[in-house]
Each structure stands twice: as C-alpha cells, then as structure tokens.
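# Architecture at a glance
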Amino acid sequence: MYVVKSPLSDASLKTVSEALQGALVDLVDLALVAKQIHWNVVGPRFRSVHLQLDEVVDTARTYSDTVAERAAALGIPPDGRAATVAVGSGIGVTPEGWVNDTTAVSALVEALGAVIARMRERVEATGEPDPVSQDIFIQITADLEKHHWMFQAENG
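Residues numbered from 1 in each chain as written. Predicted model: local features only at pLDDT ≥ 70, side-chain atom pairs only at ≥ 80, totals over all residues. Heavy atoms only, no water.

## Structural notes on the overall build of the protein
A tally of regular secondary structure across the protein gives five helices and two strands. Going from the N terminus to the C terminus, the protein shows its helices and strands as α-β-α-α-β-α-α. What you see for the protein is a C-alpha radius of gyration of 16 Å, in line with the 15 Å of a compact globule of 156 residues. Overall size of the protein, expressed as C-alpha extent along the three principal axes, is 55 × 30 × 20 Å. For the protein, with 156 residues in total, the buried portion stands at 46%. In the protein, the share of contacts with a sequence separation of at least 24, taken over all contacts with a separation of at least 6, comes to 84%. Just so you have it, the protein exposes about 8,200 Å², and 57% of that area is on carbon and sulfur atoms. Here the protein carries 12 positive and 21 negative side-chain charges, and the mean point of each set is 2 Å from the other. (Helix = DSSP H or I, 4+ residues; strand = E, 2+ residues; numbered from the N terminus. Rg over C-alpha atoms; globule rule 2.2 N^0.38 Å. Buried < 20%, exposed > 50% of the residue type's maximum accessible area, 1.4 Å probe, protein only. Contact = heavy atoms within 4.5 Å. Areas by Shrake-Rupley, 256 points an atom, 1.4 Å probe, with all protein chains shown as cover. Lys, Arg positive; Asp, Glu negative; His and termini not counted. Charge placed at Lys NZ, Arg CZ, Asp CG, Glu CD.)

This is the structure we're talking about:
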C-alpha cells in the first residue's frame, strides 16, 4: 500500500530508496555509537572529547530525521528499528566498557570514515535519479567530513 506517491520513476525510486534507507541506518547507528562512547570515555581529554561526541550525536540525529522525512516525502516508509540498524549499518564494533580518550577518538575516526565512504557512494548513486536527495547526501557528507577532520586532529 502506498499512501504517498513519488514523482520518481520506479527505477529511480528503487535507487533512491536504497540510498535513503542505508543513510538512515548509518546515521542512527552513528548517533548510538557516539553516545555509547560519550558515556564511557575517560582520560585527560575527557571533557573535550565528551563534548565533541555530543556534536556528532546532534549531527547524526538531525540528519537521520532529514533523511527519514525525505524518504517519507517520496513514499518510502523509513525503517529505523533497532534490528534494521543492527543488520544494515556499515559501522564496525564499538568498544565496550570504559574507553580511554585516545581509543575513543580513534573509534570515531573509524566510524565516521565508514559512514562517509558509504555517503559518497550515495552521492554518486542519486545524482541522476534524484538531485534533491543527492543534495541532502552532499550536505551530510560535508558535515561528517568536518567531524572526521576534527577527530583526526585530536590524535594528530
């Protein structure tokens, strides 16, 4: 049942749907990973890393909503359920327990790198079928790359 009908062709909608759903999963997981590490980071740079992690969480949550609403606008029901995120995320395993600040920063560099690589694939995939969604992916990628750069600079 389609409640909202997309103006895109079926072929374009399939490509865009996969890109939006994949982005949603990655962004939801990125927010969870950053928050998990935020709660458990320890070390001399605790406060600065703790606050920087919240910035990533805010970015990921904001864009996950943007992506989900774009999907809904195109008649694609977004799926951010825990089971869907667990199966579809491109982010690796998050450290458990207390995480020293250096390890926390490295984990975020790795997680952001994985999400950015997949976002860049989505930028490419959606250019022709839906430049509007592509624009969203470009914005997301730019903001995530800024976080990536800042976390890399933390461990210099």
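## Points about the environment of Asp130
For Asp130, the position within the fold is in the loop between helix H4 (101–126) and helix H5 (131–155). On the accessibility criterion, Asp130 (3% relative accessible area) is buried. C-alpha of Asp130 to C-alpha of Ile76: the two residues are 54 residues apart in sequence and 14 Å apart in space. Filtering out sequence-adjacent residues up to four positions away, Asp130 remains in contact with Leu8, Val16, Arg70 and Leu74. A polar contact is formed between the side chain of Asp130 and the side chain of Ser133, at a distance of 2.4 Å. (Polar contact = N/O pair within 3.5 Å; in protein donor to acceptor, adjacent residues only side chain to side chain.)

## Quick notes on the nonpolar core
Nonpolar side chains in soluble globular proteins tend to end up buried together. The biggest cluster of nonpolar side chains holds 42 residues, and the ones touching the most others in it are Leu30, Leu108, Ile140 and Leu144. Elements with a contribution of two residues or more to this core: helix H1 (10–40), helix H2 (46–73), H4 and H5. Counting residues per element, this core draws most heavily on H1, which supplies 12 residues. (Core = buried A, V, L, I, M, F, W, Y, C linked by side-chain atoms within 4.5 Å.)

## Comments concerning the pattern of salt bridges
On inspection of all chains with the given rule, the structure shows nine salt bridges. Lys35 is the salt-bridge partner of Asp54, the closest N and O atoms lying 2.7 Å from each other. With Asp54 in helix H2 and Lys35 in helix H1, this pair connects stretches of sequence that are 19 residues apart. Exposure remark for Asp54: the relative accessible area of 24% places this residue in the partly exposed category. (Salt bridge = Lys/Arg side-chain N within 4 Å of Asp/Glu carboxyl O.)

## Some details on the environment of Leu24
With respect to the helices and strands, the residue Leu24 is situated in helix H1. Separated by 24 residues in the primary sequence, Leu24 and Ser48 have C-alpha atoms spaced 27 Å apart. Filtering out sequence-adjacent residues up to four positions away, Leu24 remains in contact with Ser64, Val67, Ala68, Pro78, Asp79 and Gly80.

## Considering the packing of H1 against H2
In contact at an axis separation of 8 Å, H1 and H2 are set at 160° when each is read in the N-to-C sense. Considered as vectors, H1 and H2 are oriented roughly antiparallel to each other. By crossing handedness, the relation of H1 to H2 is classed as left-handed. The residue makeup of the contact of H1 with H2, split by class, is 17 nonpolar, three polar and four charged. (Axes fitted to C-alpha atoms, helices over the stretch in contact; angles between N-to-C directions. Parallel < 35°, antiparallel > 145°, perpendicular 65-115°, else oblique. Left-handed = near helix turned anticlockwise from the far one by under 90°. Nonpolar A, V, L, I, M, F, W, Y, C, P; charged D, E, K, R; others polar.)

## Looking at the packing of H1 against H4
With their axes 10 Å apart at the nearest point, H1 and H4 run at an angle of 170° to one another. By the angle between their axes, H1 is roughly antiparallel relative to H4. Taking contact as the criterion, the partners of Thr15, Val16, Ala19, Gly22, Ala23, Asp26, Leu27, Leu30, Val33, Ala34 and Ile37 in H1 are, on H4, Ala104, Ala107, Leu108, Ala111, Leu112, Val115, Arg118, Met119, Arg122, Ala125 and Thr126. The class makeup of the residues in the contact of H1 with H4 is 16 nonpolar, three polar and three charged.

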